[in-house]
Amino acid sequence: MVENFFHELSGLKEKLTAHHCPTGSKESPGRDCADLQLCNPAITSGTYFIDPDEGSPLNAIQAMCNFNAEKAKTCVEPTNFEASSHLSFLRLLHHTVEQNYTESCKNADNVKQLQSVDLGQPLDLESRQLSVVMHTPCQSTSGVTTIQLQTTHTDLLPAAPAMPTLTGHSSHLCFA
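What comes next concerns the included structure.

Conventions and cut-offs
- Residues numbered from 1 in each chain as written.
- Predicted model: local features only at pLDDT ≥ 70, side-chain atom pairs only at ≥ 80, totals over all residues.
- Heavy atoms only, no water.
- Helix = DSSP H or I, 4+ residues; strand = E, 2+ residues; numbered from the N terminus.
- Disulfide = S-S within 2.5 Å.
- Buried < 20%, exposed > 50% of the residue type's maximum accessible area, 1.4 Å probe, protein only.
- Pairing = 2+ DSSP bridges.
- Core = buried A, V, L, I, M, F, W, Y, C linked by side-chain atoms within 4.5 Å.
- Contact = heavy atoms within 4.5 Å.

The next subject is the environment of asparagine 107. Considering the arrangement of structural elements, one finds asparagine 107 in the loop between β4 (97-104) and α4 (109-112). Considering only alpha carbons, one finds asparagine 107 and threonine 145, 38 residues apart in sequence, at a separation of 9.2 Å.

Here's what the structure looks like:
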């Protein structure tokens, strides 16, 4: 009976440790990538499960974690939100968000007409709220143009073109 008690106690300890020190597995998701790095200092960049709202691990989503940056970056697909609460919590947990958008040069005007998906408003690329970190302009109509957006107003992203095309592509949203 005493052995059974200690066996149960050991199992409970493992469950508590997994909750307080997530591994990034589906069963033990972190709140974000910084949470995973805090508990696992030797963790390497890669794909892990996160659950920003700390609800059930059943609704955890996959994230690309970049631990090579100054701060751990949590990168998720803009369409990877089973529940909008994940995006809301990521916005609350982080100070900045960035996103790349790539478009073919024949549709390059779409880059100038990006809009906030959640706000449904055009993004002002000249605004102080939004930094255009990088923009590779078109050299010819056969190439591509890429723009990297960064903001501390985390509700401005994700961005998408006002007139969607088959050639445009939004990259991950990266929170830091």
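Now that the structure is up, let's keep going.
Before going further, it helps to examine the state of the cysteines. In protein structure, a disulfide is the covalent linkage between the sulfur atoms of two cysteines. Following the criterion strictly, the structure yields 3 disulfides and no others. Each sulfur in the disulfide pair cysteine 75 and cysteine 174 lies 2.1 Å from the other. Taking the sign of the S-S torsion, 115° for the link of cysteine 75 and cysteine 174, the bridge is right-handed. Residue cysteine 75 is located in strand β3 (residues 73-76), and its partner cysteine 174 is located in strand β9 (residues 169-175); the two are separated by 99 residues in the primary sequence. On the basis of relative accessibility, which here comes to 13%, the residue cysteine 174 falls in the buried class.

All right, on to the pairing of β4 then. Of all 8 residues in β4, 6 are buried, a share of seventy percent or more. Examined bridge by bridge, β4 and strand β7 (residues 144-151) share 8 bridges and lie antiparallel to one another. Each residue of the ladder has a partner; that of valine 97, found in β7, is threonine 151. Of the strand pairs in this sheet, β4 and β9 are connected by 5 bridges, and their pairing is antiparallel. When the sheet's bridge partners are listed, valine 97 is paired in β9 with phenylalanine 175.

Grouped together as the largest cluster of nonpolar side chains are 20 residues, with contacts concentrated most on Val76, Leu123 and Leu149. Those elements that place two or more of their residues in this core are β2 (61-66), α3 (84-93), β4, β7 and β9. With residues up to four places along the chain from it excluded, the contact list for leucine 123 reads Leu114, Gln115, Ser116, Leu130, Leu149, Leu156, Leu157 and Ala159. One finds Cys33, Leu36, Tyr48 and Cys65 within the second-largest nonpolar core, a separate group that totals 7 residues.

What follows concerns unusual backbone geometry. Cis geometry marks the peptide bond from leucine 157 to proline 158, where omega comes out at 15°. When you line up the elements, proline 158 lands in the loop between β7 and β8 (159-161). Positive phi, close to 50°, is recorded for glutamate 54, a residue that is not glycine. Structurally, glutamate 54 can be placed in the loop between β1 (46-50) and β2. Residue classification places glutamate 54 among the partly exposed residues on the basis of a relative accessible area of 48%.

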